[in-house]
Amino acid sequence: VAAVTAEEKKDHNETLAQLHRTIAELEQKIVDLEGAEAKISTGHEEQLEEKDAAIEKLQAQLLESKNMDLEAVIKEQETRIASLEKVKEENKQLQLDLDHLRK
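In this text, all values refer to a predicted model and were calculated from it rather than measured experimentally.

Trainee: Looking at this structure, how should I read the overall build of the protein?
Mentor: In terms of helices and strands, the protein carries one helix and zero strands. A compact globule built from 103 residues should have a C-alpha radius of gyration of about 13 Å, whereas the protein, at 44 Å, is more than 25% larger. For the C-alpha atoms alone, the extent of the protein along its principal axes is close to 150 × 20 × 5 Å. The buried share among the 103 residues of the protein stands at 0%. Taken as a whole, the protein presents about 10,000 Å² of accessible surface, with 59% of it coming from carbon and sulfur.

Below, the structure written as structure tokens:
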């Protein structure tokens, strides 16, 4: 049976202690990386939410712009219809006047 010397036991204990420190450091790095990953994930979510909000705002502006364009077209058509109705009435009156002159 080989006897373990005090020096070998001391070396073994130092190696174990170093391994424990290394494991603790690696565990801390894992915790740090997980925290960084969560922070990045949250940042991406916030960016996506901001992007979605900006898209919704632009869509609302586009819809409002289209509505304003449609309102302008409707007013233009209403004016045109009123003008055509006026011309129709004038033509009707001219036809009556012409019929009256023919008699």
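Trainee: Help me out: how do you make sense of a nonpolar patch on the surface in this one?
Mentor: A cluster of nonpolar side chains, namely Leu-16, Leu-19 and Ile-23, defines an oily patch on the protein surface of about 250 Å² accessible area. With respect to the helices and strands, the residue Ile-23 is situated in helix α1 (residues 6-102). On the basis of relative accessibility, which here comes to 43%, the residue Ile-23 falls in the partly exposed class.

Trainee: Just checking my understanding: could you explain a negative patch on the surface for this structure?
Mentor: The grouping of Glu-45, Glu-46, Glu-49, Glu-50, Asp-52 and Glu-56 at the surface amounts to a negative patch. Among the residues examined, Glu-49 registers a relative accessible area of 55% and is labelled exposed.

Trainee: Just to check I follow, could you spell out the environment of Asp-52 for this structure?
Mentor: Structurally, the position occupied by Asp-52 is in helix α1. Sequence separation of Asp-52 and Met-68 is 16 residues, and the distance between their C-alpha atoms is 24 Å.

Trainee: Just to check I follow, could you spell out the environment of Ala-38 for this structure?
Mentor: With respect to the element layout, Ala-38 can be found in helix α1. Along the chain, Ala-38 and Leu-84 lie 46 residues apart, while their C-alpha atoms are 68 Å from each other.

The rules behind each value
Residues numbered from 1 in each chain as written. Predicted model: local features only at pLDDT ≥ 70, side-chain atom pairs only at ≥ 80, totals over all residues. Heavy atoms only, no water. Helix = DSSP H or I, 4+ residues; strand = E, 2+ residues; numbered from the N terminus. Rg over C-alpha atoms; globule rule 2.2 N^0.38 Å. Buried < 20%, exposed > 50% of the residue type's maximum accessible area, 1.4 Å probe, protein only. Areas by Shrake-Rupley, 256 points an atom, 1.4 Å probe, with all protein chains shown as cover. Patch = residues over 30% accessible without salt bridge, like charges linked within 9 Å, V, L, I, M, F, W, Y side chains within 5 Å. Salt bridge = Lys/Arg side-chain N within 4 Å of Asp/Glu carboxyl O. Lys, Arg positive; Asp, Glu negative; His and termini not counted. Charge placed at Lys NZ, Arg CZ, Asp CG, Glu CD.

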